[in-house]
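These are the residues of each chain, in order.
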Amino acid sequence: MAKDFSTRDENYAQWYNDLVIKADLAENSAVRGCMVIKPYGYAIWEKIQATLDKMFKDTGHSNAYFPLFIPKSFFSKEAAHVEGFAKECAVVTHYRLKNAEDGSGVVVDDDAKLEEELIIRPTSETIIWDTYRNWIQSYRDLPLLINQWANVVRWEMRTRLFLRTAEFLWQEGHTAHATKEEAEEETQKILDIYADFAEKWMAMPVIKGVKSPAERFAGAIDTYCIEALMQDGKALQAGTSHFLGQNFAKAFDVKYLTKENKLEYVWATSWGVSTRLMGALIMAHSDDNGLVLPPKLAPIQVVIIPIYRKPEQLEAISEKAVAIMNTLKAKGISVKYDDRDTQKPGWKFNEYEFKGVPLRLAIGPRDMENGTVEVARRDTLEKEIYSMTDIETKVEHLLEQIQENLYQKALSFREDNSFRVDTWDEFKERIEKGGFVYAHWDGTEETEAKIKEATKATIRAIPLNNPLENGKCILSGNPSKQRVIFAKAY
RNA sequence: CGGGGUGUGGCGCAGUUGGUUAGCGUGCUGGUCUGGGGGACCAGAGGUCGCGAGUUCGAGUCUCGCCACUCCGACCA
């Protein structure tokens, strides 16, 4: 078993942190709050990126790139927006350094002060809508469907690898539409893409919902979200899709002429998912033996490890192993044959197990005699001996099974940890233990704030297609027409 | 911003009332035996003890100042 590695029961936060470090996904950098994403972690992110990028393009979006810096004045144009982000902005004030006169190193050159400070983007609505003003004149220019892959900076007080870092990678979509209906449809379409990705690729069930006003994106009319439940009973917002109405069009004066030659403001959406998805992915499936990755996002889906004593044995095994690797690769499966002589088989078993590789094939002298392969599943830790004949079909099926099994496991975990609660006492008790708590809420910000104050729980989502049901608010006792999801969140 | 804590080989740590050449685990290098779940043994390399001042015959250890990191709160994707 892995040494120096916390279990989930001992200390969940520590377990998560150890996992990220020891599975070689990321580490803290010399810059406070900023992480270095290591090759193995980045490989997972690249898969996430590639998959989502294709989904966006398949639905008509194009990629573009906007500046890292945003003139300070842009922020004051949308009141709610600046309100939401002002407290966590990094600001560039100078453009030059010089040698210190006392020889102590370099210092900021006070003569090189910027006329107007630049904000390092915490999100790009402002610079993008300032640009869109010039791109949009006619209904013929609409819809404008743009996505950007970028880094953003939010100066968070407390950071955690992947879950909350001062700088993070994400994609942000920014679209402009002629009508309200079309923009709302876009918001939903993207939400569906996010949910689809989470469930089919990450094997992570999510609830689609809309945010309460208090949890809404700064500057949005409505914020839709996908919420997932982590193993410690806390909720994680995994993606958001915002209907921005005409807020930004008005703030940045983006108008178009309709067919009827009438000048109107355009309607907007924005939506994003970030490297936080990595955090979600890690927490969704991993266990006390390390990372568990769904096959569809695993950089290495199958690892083959030779077991041998003499060079002649390795030679014979390698011949078989390479043949198997090639048949698997022909099926589009990513395979690593680890024939390094610098590490022992047992060491490799642990290594790949820790890194969450879904399937491990081991071939030793015994297998060579019998024409077999030992196949070990990461999700169940089960080992079985299969015939080498037609192993590629077996592997293909197993990968599908693992993907499905991880989803089902995560789904039943969520179901087991979702509760309907009707009294305040029960609510407090339940929230303390974790999980999604479905309860009635009177719809006021005041009540929401009081509940947060008392229990640290927030409304994670008002589920879409929520069944209407008359009830009484958990706190105020006022009438309510539906249950909303409360939970403590990341 | 408030309250704790920690800075000692790459990493994780110990270092007693101040006292010779600063240790341990792990990792690293070489070698021999090994190899179906993180192997054993042998031999090595690797240190301005966070920075600066002070007390002292003598400071990793005591005092003061500074810096960095980290944990707990408030804030947040």
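Think of each chain on its own: its residues are numbered from 1, step by step along the sequence as written. All chains are assigned letters beginning with A, and all ligands numbers beginning with 1, in the order in which they are written. For this predicted model, a pLDDT threshold of at least 70 governs which residues receive local features, and a threshold of 80 or more governs which side-chain atom pairs are given and counted, while totals over whole chains, interfaces and linings are taken from all residues.

1. Re the overall build of chain A
The helix and strand labels rest on DSSP assignments: H or I over at least four residues marks a helix, E over at least two residues marks a strand, and numbering proceeds from the N terminus. Looking only at helices and strands, chain A features 14 helices and 27 strands. Overall size of chain A, expressed as C-alpha extent along the three principal axes, is 80 × 70 × 55 Å. A residue pair is marked as a contact if its C-beta atoms, positioned from the backbone, fall within 7 Å. Considering only intrachain contacts with a sequence separation of at least 6, the fraction spanning at least 24 residues in chain A is 68%.

2. Some thoughts on the environment of Ala 268
If you trace the backbone, Ala 268 turns up in strand S16 (residues 267-274). Setting aside its immediate chain neighbours within four residues, Ala 268 contacts Thr 175, Ala 176, Ala 183, Leu 244, Phe 248 and Ala 249.

3. Some remarks on the protein's contact with RNA strand B
Near RNA strand B, the surroundings consist of 36 residues, among which Met 157, Gly 346, Gly 364, Arg 366 and Glu 374 are the closest. Put simply, the parts of the chain that give the surface near RNA strand B at least two residues each are helix H10 (345-354), helix H11 (365-370) and strand S20 (372-377). Ranked by the residues each element gives to the surface near RNA strand B, the list is headed by H10, at eight residues. Side-chain classes are defined by residue name, with Ala, Val, Leu, Ile, Met, Phe, Trp, Tyr, Cys and Pro counting as nonpolar, Asp, Glu, Lys and Arg as charged, and the others, Gly among them, as polar. Split into classes, the residues belonging to the surface near RNA strand B amount to 12 nonpolar, seven polar and 17 charged. To decide nearness, the C-beta atom of each residue is placed from the backbone, and the residue is near a molecule or strand if that atom lies within 6 Å of it.

4. Overview of unusual backbone geometry
For the peptide bond that leads from Leu 142 to Pro 143, omega is -5°, which places it in the cis range. For Pro 143, the location among the structural elements is in the loop between helix H5 (125-135) and strand S9 (144-153). Backbone geometry places Asp 253, a non-glycine residue, at a positive phi of 55°. Within the fold, Asp 253 resides in the loop between helix H7 (247-251) and strand S14 (255-257).

5. Brief notes about the pairing of strand S21 (residues 383-387)
Exposure classification rests on a simple neighbour count of other C-beta atoms within 10 Å of a residue's own: a residue reaching 20 or more is buried, one at 12 or fewer is exposed, and one in between is partly exposed. C-beta atoms are placed from the backbone. By the criterion of burial, S21 is predominantly exposed, with just zero of the five residues buried. Bridge analysis of S20 against S21 gives five bridges, and the strand direction is antiparallel. Counted as the bridge partner of Val 375 is Glu 384 from S21. Criterion used throughout: strands pair if DSSP finds at least two bridges between them. Counting the residues that bridge the hairpin from S20 to S21 gives five residues, and of these Leu 381 lies at a positive phi of roughly 65°.

6. Describing the sheet that holds strand S11 (residues 207-210)
Taken together, 11 strands build an open sheet; the order of strands is S3-S9-S10-S16-S13-S12-S11-S24-S27-S23-S22 and the sheet is mixed. Only two strands of the sheet have a single neighbouring strand rather than two, namely strand S3 (62-63) and strand S22 (418-420). Bridge count between S22 and strand S23 (residues 436-440): three bridges; the pairing is parallel. In the sheet register, Arg 420 faces S23, and the bridge partner there is Tyr 438. Packed on one face of the sheet, helix H2 (residues 39-58) meets S9, strand S10 (167-177) and S16 and runs near 5° to S10. Lines fitted to C-alpha atoms define the axes, with helix axes restricted to the stretch in contact, and inter-axis angles between N-to-C directions lie between 0 and 180 degrees.

7. Comments concerning the environment of Phe 74
Of note, Phe 74 is situated in helix H3 (residues 72-75). Spatially, the C-alpha atom of Phe 74 lies 24 Å from that of Asp 110, the residues being 36 residues apart in sequence.

8. A look at the nonpolar core
Under the definition applied here, buried Ala, Val, Leu, Ile, Met, Phe, Trp, Tyr and Cys residues are grouped into a nonpolar core through C-beta atoms within 7 Å. Formed by 98 residues in total, the largest nonpolar core has its most connected members in Ala 198, Met 202, Met 204, Ile 226, Ala 228, Ala 280 and Ile 304. The element contributing the most residues to this core is helix H6 (residues 180-201), with eight residues. Setting aside anything within four residues of it in sequence, one finds Met 202 in contact with Phe 197, Ala 280, Leu 281, Ala 284, Pro 294 and Leu 297. With 25 residues, the next largest nonpolar core counts Ile 136, Phe 248, Ala 251 and Val 266 among its residues.

9. Side note on helix H8 (residues 276-285)
Counting buried positions along H8 yields 10 of 10 residues, so the element is predominantly enclosed. Within H8, burial applies to Arg 276, Leu 277, Met 278, Gly 279, Ala 280, Leu 281, Ile 282, Met 283, Ala 284 and His 285.

10. Brief notes about the domain arrangement of chain A
Source of the domain bounds: an automatic or database domain assignment. Per the domain assignment, the segments of chain A are domain 1 (12-91 + 121-285), domain 2 (297-394) and domain 3 (418-487). Listed as interface residues are 16 residues of domain 1 and, on the opposing side, 16 residues of domain 3. Among the secondary structure elements, those contributing two or more residues to the side of domain 1 that touches domain 3 are S11 and strand S12 (222-229). Taken together, the residues of the side of domain 1 that touches domain 3 break down into seven nonpolar, three polar and six charged.

11. A few points about the environment of Glu 315
As for its position among the elements, Glu 315 is in helix H9 (residues 311-330). Once the C-alpha coordinates of Glu 315 and Asn 247 are considered, the two residues, 68 residues apart in sequence, prove to be 68 Å apart.

12. Quick look at the packing of H2 against H6
Two elements in contact, H2 and H6, have axes whose closest approach is 11 Å; the angle formed by their N-to-C orientations is 140°. Between H2 and H6, the crossing angle belongs to the class labelled oblique. With respect to the hand of their crossing, H2 and H6 are arranged in right-handed fashion. Facing Thr 51, Leu 52 and Met 55 of H2, the residues of H6 in contact are Ile 193, Phe 197 and Trp 201. Its residues placed into classes, the contact of H2 with H6 shows five nonpolar, one polar and no charged. These descriptions rest on fixed angle ranges, namely under 35 degrees for roughly parallel, over 145 for roughly antiparallel, 65 to 115 for roughly perpendicular, and the rest for oblique. Handedness of a crossing follows from how the near helix is turned relative to the far one, being left-handed for an anticlockwise turn of less than a right angle and right-handed for a clockwise one.

13. Regarding the sheet that holds strand S4 (residues 69-71)
Whenever strands of a sheet pair, they do so through backbone hydrogen bonds, lying parallel or antiparallel. Ordered by their spatial adjacency, three strands build an open sheet running S4-S8-S5, and the pairing between neighbours is antiparallel. Looking at strand neighbours, the two that pair on one side only are S4 and strand S5 (91-94), the edges of this open sheet. When the angles between neighbouring strand axes are averaged without regard to direction, this sheet yields 40°. The pairing of S5 with strand S8 (residues 113-120) spans three bridges and is antiparallel. Within the sheet, the bridge partner assigned to Val 92 lies in S8 and is Leu 118.

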